Amino acid sequence: MLVHQFRSAVSKKMDYSVGGLLPVLLGSIGVLALYQLLQRVRQRTYIQDAVVVITGASSGLGRECAKVFHAAGARLVLCGRDRERLLELARELKGMADGRKKVHAPSIVTFDLSDMEMVASGAEEILKCYGHVDILLNNAGISYRGAILETSVQVDQEVMNVNYFGPVALTKALLPAMVQRKSGHIVVVSSVQGRIAIPFRSAYAASKHATQAFFDCLRAEVAQFGLEVSVISPGYIRTNLSLNAVTGDGSKYGVVDKNTAEGRDPTEVAKAVLTAVGRRKKDLLLAGLLPVLAVYLRTLAPNVFFMMMASRARKGQKHKEN
Ligand SMILES: NC(=O)c1ccc[n+]([C@@H]2O[C@H](COP(=O)([O-])OP(=O)(O)OC[C@H]3O[C@@H](n4cnc5c(N)ncnc54)[C@H](OP(=O)(O)O)[C@@H]3O)[C@@H](O)[C@H]2O)c1
């Protein structure tokens, strides 16, 4: 009896007709649209006029990041080793101005990330550009192709210097000023290979795993000062990374391999980086379904993952011998 009364009371109260659901639906869409609009405004104001330092701005993802951050109104400091290419980019950015939006002419600072003294003087020069840094985008990097058995320790060190010690040294040099201002955002472009290690990429995967660990620690330590840390881990991107990769004997790999050629468009990835930074994402895996599944497999069923990697290594070895 009681149950019956309850049911009829509920059915009277809830109107499931189209007319009854429509206001709820429209209300939800409205709230969602308003939330997205607020997110966009928040993201825009975060980047507009912010001092953004981009390493590896001369090519690939860094170059595309420079374009999207510039278009979003950032005051850029473009870093790399090749001054000419950075100047060419600066000219290209100048040509992009359409007068409708406030944009800034970029500054250029050149240094080699594998030379710690140059990194220290580069950091001083960076700070002189605008007096402070709002966002440091540690993007520069090199890749590696080779078998561990055939790779010299010097090559391991070279990759670690560019991908790990360089960004760490630059971050440490710029960090005290950020802590003092209680404001700043450190972003690092890692890789899916910072989460999973695949055969014949040992030096690269090791440098990116170290990067992930260092910046995870940093995030925890600087949260108390109001600083943000983002680690962005993309899958393959269509850039010159494999072309510029080093091999076991230190020579250039010089090949755009299939995965890289079929990788994501760097402009799209740069836009995703801009959004992630604007939304202060702490950690982002920017990859397709398969790499994401591989990351979960490594955590949830490591032995299956190890078996698959061993089989991949055997196939890679055979391919090399044939
Ligand atoms: N492409 C991919 O498939 C992929 C996937 C995941 C993650 N990533 C990561 O994305 C980032 C950007 O790479 P990319 O794909 O855009 O490759 P890229 O086109 O080869 O660009 C690499 C950039 O790093 C700079 N660089 C290299 N060695 C340097 C050094 N010793 N000192 C200072 N700068 C140096 C280069 O500048 P100069 O040579 O002009 O000095 C260049 O601007 C890297 O961290 C990479 O690991 C790439």
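Cut-off values and rules
- Residues numbered from 1 in each chain as written.
- Predicted model: local features only at pLDDT ≥ 70, side-chain atom pairs only at ≥ 80, totals over all residues.
- UniProt positions renumbered as here; feature names shortened; annotations may be inferred.
- Helix = DSSP H or I, 4+ residues; strand = E, 2+ residues; numbered from the N terminus.
- Axes fitted to C-alpha atoms, helices over the stretch in contact; angles between N-to-C directions.
- Parallel < 35°, antiparallel > 145°, perpendicular 65-115°, else oblique.
- Left-handed = near helix turned anticlockwise from the far one by under 90°.
- Contact = placed C-beta atoms within 7 Å.
- Core = buried A, V, L, I, M, F, W, Y, C linked by C-beta atoms within 7 Å.
- Buried ≥ 20, exposed ≤ 12 C-beta atoms within 10 Å, placed from the backbone.
- Pairing = 2+ DSSP bridges.
- Near = placed C-beta within 6 Å.
- Nonpolar A, V, L, I, M, F, W, Y, C, P; charged D, E, K, R; others polar.

The name given to the chain in an unreviewed UniProt entry is Dehydrogenase/reductase SDR family member 7B, with Erpetoichthys calabaricus as the source organism. According to its UniProt record, the chain has this under Sequence similarities (unreviewed entry): "Belongs to the short-chain dehydrogenases/reductases (SDR) family." For the chain, the Function (unreviewed entry) comment in UniProt is given as "Putative oxidoreductase."

**Concerning the UniProt feature "domain: Ketoreductase" (unreviewed entry) in the chain**
Residues annotated by UniProt as "domain: Ketoreductase" (unreviewed entry) correspond here to residues 50-240. In residues 50-240, helix accounts for 48% and strand for 17%; the two terminal C-alpha atoms are 28 Å from one another.

**Some details on the packing of helix α3 (residues 60-71) against helix α9 (residues 266-278)**
As a packed pair, α3 and α9 sit with axes 8 Å apart at the nearest point and diverge in direction by 55°. It follows that α3 is oblique to α9 by the angle criterion. For α3 against α9, the interelement crossing comes out right-handed. Mapping the contact onto sequence places Gly-60, Leu-61, Glu-64, Cys-65, Lys-67, Val-68 and Phe-69 in α3 and Pro-266, Thr-267, Val-269, Ala-270, Lys-271, Val-273 and Leu-274 in α9.

**Some words on the nonpolar core**
Counting residues in each nonpolar core, the largest one holds 68 residues, and the members touching the most others are Val-52, Val-53, Ile-54, Ala-66, Phe-69 and Leu-78. At ten residues, the largest contribution of residues to this core is made by helix α6 (residues 153-181). Among all residues touching Phe-69, those that are not within four sequence positions of it are Ile-47, Val-52, Ile-54, Ala-74, Leu-76 and Leu-274.

**Brief notes about the sheet that holds strand β4 (residues 135-138)**
Ordered in space as β3-β2-β1-β4-β6-β7-β9, the seven strands form an open sheet in which the pairing is parallel. On the outer flanks of this sheet lie β3 (107-110) and β9 (283-286), each paired with one strand and no other. Across the sheet, the axes of successive neighbouring strands diverge by a mean angle of 15°, strand direction being ignored.

**Here we look at the site of the ligand**
Near the ligand, the surroundings consist of 29 residues, among which Gly-56, Gly-60, Arg-81, Gly-141 and Thr-239 are the closest. No other element matches α3, which puts three residues into the shell around the ligand. Its residues assigned to classes, the shell around the ligand shows ten nonpolar, 15 polar and four charged.

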